[in-house]
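# Understanding the architecture of this molecule
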Amino acid sequence: MDCIVVQGGKKLSGEVTVSGAKNSALAIMAATLLTGGTHRIAGVPALRDITTMKRLLGHLGAGVEGSDQLEIVTDAIETFEAPYDLVKTMRASFLVLGPLVARFGRAVVSLPGGCAIGVRPVDMHIKAFEAMGVTVAIDKGYVHAACDELKGARILFDMPTVGGTENIMMAATLAKGTTVIENAAREPEIVDLACALRNMGARIEGDGTDRITIQGVRELTPLSHTVMPDRIEAGTLMVAAGITGGTVVIKNCPVPVMGSTIDKLREIGLIIEEGQNELRVSRNGALRHVEVTTNPHPGFPTDMQAQIMALLTLADGTSIIRETIFENRFIHVAELDRMGANIKVEHDTAIIAGAQTLQGTTVMATDLRASASLILAGLAAQGTTVVSRVYHLDRGYDRLEKKLQGLGADIHREKEKQQ
Ligand code: EPZ
């Protein structure tokens, strides 16, 4: 396994370009199953979850070529089963359920199982599919879905679910009649997926709001789409600039959908100058303590929680972070405390006593955003930080250490020494 080694204390400077959004690319890749033909997706990030989705599409019978420009041929889908060994490594695999049921009337998809940050059930997906006339049976950890005719329905989600909204929106494009999704998730990646689906001939309105209306059509045509930039990678790079006290220009930034991240980082004391699709981030003086609550978009993103926590360990005063989306997304706290941070967790709330200096040491990544948080802390820590198990990082970041190296960070990857 690889580890990342960081020598802290370098102020970052220069320009960096954000890659395509993982959470948009994965859904758009699943959408190609909705019809035969040759699909083209540009701006695909190079990361492990994308490789997993390529393997899954290949397993189903699709032809997948390319890396940042993908060509996916979906004429010869010959199996409708997404096996556990693929789905367990990446929850987004569950997004093939909607397209397979919509096009072929059946699918067998492993339940994703939990992950480090929470149980992450799919009950809302299943309830919504049943409302559309899908018969769903769960047997030995697999969801068996079948329907003779997918019907449009009114779906009301108990709480916004990104994956649930995406799965139902994709299926509804081929359903008979109209589907209205209420209390829909409003994440920008859902809007990007809707744009790709409209490019296929789907009739979708209201994406980006909490009410999405989809008029089913008889068939779709292959998509051609460029994935939107990754707002979470962009936010992570903003924190890298702030935590080192450097000045960084972040290019290919989806600025219009980053309002909550920009506002919160400004409140902490970062100086953020907005361009059309770039941000210039610097810092002038001490970091200020704040209160943060994660919320569905357009609120502060849960996927930025671990990263902003690293920054707040160096702020003056005590900060409060409340995590409302996942029940166990504070695993990075123990590792940050080992670096000298002073963080206490009470239920869904982390209390960060700031103004600490962080000490480099060996820490272990436990999930995707925790990995980023530990690397960010290492950039500011005194001495050397070794982050192990960075396969977590590689799931969701496109060569992050290379991007940080390009900004002057003393960071490199090496093989973990056998214990
Ligand atoms: C998506 O996950 C993202 N993943 C996550 O990003 C992100 O953290 C999450 O949305 C929230 O924004 C992808 O897009 C591939 P949800 P998803 O359904 O769709 C509960 C990252 O770091 N829930 O919006 O799985 C669920 O347990 C990853 O890039 C149910 O209870 O998230 C969670 O508490 C991590 N039943 C909450 O809803 C359901 O049927 C939100 O989950 C579905 C969800």
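Residues numbered from 1 in each chain as written. Predicted model: local features only at pLDDT ≥ 70, side-chain atom pairs only at ≥ 80, totals over all residues. Heavy atoms only, no water.

## As for the overall build of the chain
- Of the regular secondary structure elements, the chain holds 14 helices and 24 strands.
- Against the compact-globule benchmark of 22 Å for 419 residues, the chain has a radius of gyration of 21 Å, which places it among compact chains.
- For the C-alpha atoms alone, the extent of the chain along its principal axes is close to 60 × 40 × 40 Å.
- Counting every position in the chain, which comprises 419 residues, the buried fraction comes to 57%.
- Carbon and sulfur atoms make up 48% of the accessible area of the chain, which amounts to about 16,100 Å² in all.
- For the chain, the distance from the average site of its 42 positive side-chain charges to the average site of its 48 negative ones is 1 Å. (Helix = DSSP H or I, 4+ residues; strand = E, 2+ residues; numbered from the N terminus. Rg over C-alpha atoms; globule rule 2.2 N^0.38 Å. Buried < 20%, exposed > 50% of the residue type's maximum accessible area, 1.4 Å probe, protein only. Areas by Shrake-Rupley, 256 points an atom, 1.4 Å probe, with all protein chains shown as cover. Lys, Arg positive; Asp, Glu negative; His and termini not counted. Charge placed at Lys NZ, Arg CZ, Asp CG, Glu CD.)

## Observations concerning the packing of aromatic side chains
- Inspection of the entire model under this criterion finds one aromatic pair.
- Relative to phenylalanine 104, the ring of phenylalanine 80 has its centre 4.6 Å away and its plane inclined at 40°; by these criteria the two rings are tilted. Pair noted here: phenylalanine 80 is in the loop between β5 (70–73) and β6 (81–82) and phenylalanine 104 is in helix α4 (residues 97–104), with a separation of 24 residues, a long-range link. (Phe/Tyr/Trp six-rings, centres within 6.5 Å; stacked < 30°, edge-to-face > 60°.)

## Regarding the domain arrangement of the chain
- Split into domains, the chain comes out as domain 1 (2–19 + 229–415) and domain 2 (22–226).
- Domain 1 and domain 2 are separated by 30 Å when their C-alpha centres are compared.
- Counting residues at the interface gives 24 residues for domain 1, matched by 19 residues for domain 2.
- Carbon and sulfur atoms supply 53% of the area buried between domain 1 and domain 2, which totals about 1,800 Å² over both sides.
- Ionic pairing is found between arginine 395 and aspartate 49, a salt bridge with its closest N-O pair at 2.7 Å.
- For the interface between domain 1 and domain 2, the tally reads eight residue pairs in polar contact (both at pLDDT 80 or more). (Domains from an automatic or database assignment. Contact = heavy atoms within 4.5 Å. Buried area = accessible area lost by both parts, 1.4 Å probe. Salt bridge = Lys/Arg side-chain N within 4 Å of Asp/Glu carboxyl O. Polar contact = N/O pair within 3.5 Å; in protein donor to acceptor, adjacent residues only side chain to side chain.)

## Here we look at the sheet that holds strand β13 (residues 211–215)
- Pairing is mixed across the open sheet formed by four strands, whose spatial order is β10-β11-β13-β12. Lying at the two open borders of the sheet, with one neighbouring strand each, are β10 (154–156) and β12 (203–205). In this sheet, adjacent strand axes meet at a mean angle of 15° when their direction is disregarded.
- Docked against the sheet, helix α6 (residues 162–172) engages β10, β11 (178–182), β12 and β13, running at close to 170° with respect to β11. (Pairing = 2+ DSSP bridges. Axes fitted to C-alpha atoms, helices over the stretch in contact; angles between N-to-C directions.)

## Quick look at the pattern of salt bridges
- As enumerated under the stated definition, the model contains 22 salt bridges in all.
- Linking aspartate 303 and arginine 329 is a salt bridge whose minimum nitrogen-to-oxygen distance equals 2.7 Å. Placement of aspartate 303 in the loop between β18 (291–293) and α10 (305–312) and of arginine 329 in the loop between β19 (318–322) and α11 (332–338) is noted, with a sequence separation of 26 residues between them.
- If you follow the salt bridges from partner to partner, you end up with Asp2, Asp394, Glu401, Arg413 and Lys415 in one network.

## So, the side chain of threonine 74
- Structurally, the position occupied by threonine 74 is in the loop between β5 and β6.
- The buried category is assigned to threonine 74, whose relative accessible area is 0%.
- In terms of polar contacts, threonine 74 uses its side chain to reach the backbone carbonyl oxygen of threonine 35, at 2.5 Å.
- The residues touching threonine 74, leaving out its near neighbours within four places in the chain, are Thr32, Leu33, Thr35, Gly36, Gly37, His39, Ala62 and Arg103.

## What to know about the site of the ligand
- Taken together, the neighbourhood of the ligand is formed by 21 residues, with Arg91, Asp123, Thr161, Asp303 and Ile325 sitting nearest.
- Contact between the ligand and arginine 120: an oxygen atom at 3.1 Å from a side-chain N or O atom of the residue.
- Here aspartate 303 contributes a side-chain N or O atom positioned 2.6 Å from an oxygen atom of the ligand.
- Coverage of the ligand by the protein amounts to 89% of the 830 Å² it exposes when considered alone.
- At the level of elements, α1 (22–31), α5 (123–131), α6 and α12 (368–380) are the ones that each hand at least two residues to the shell around the ligand. (Near = heavy atom within 4 Å.)

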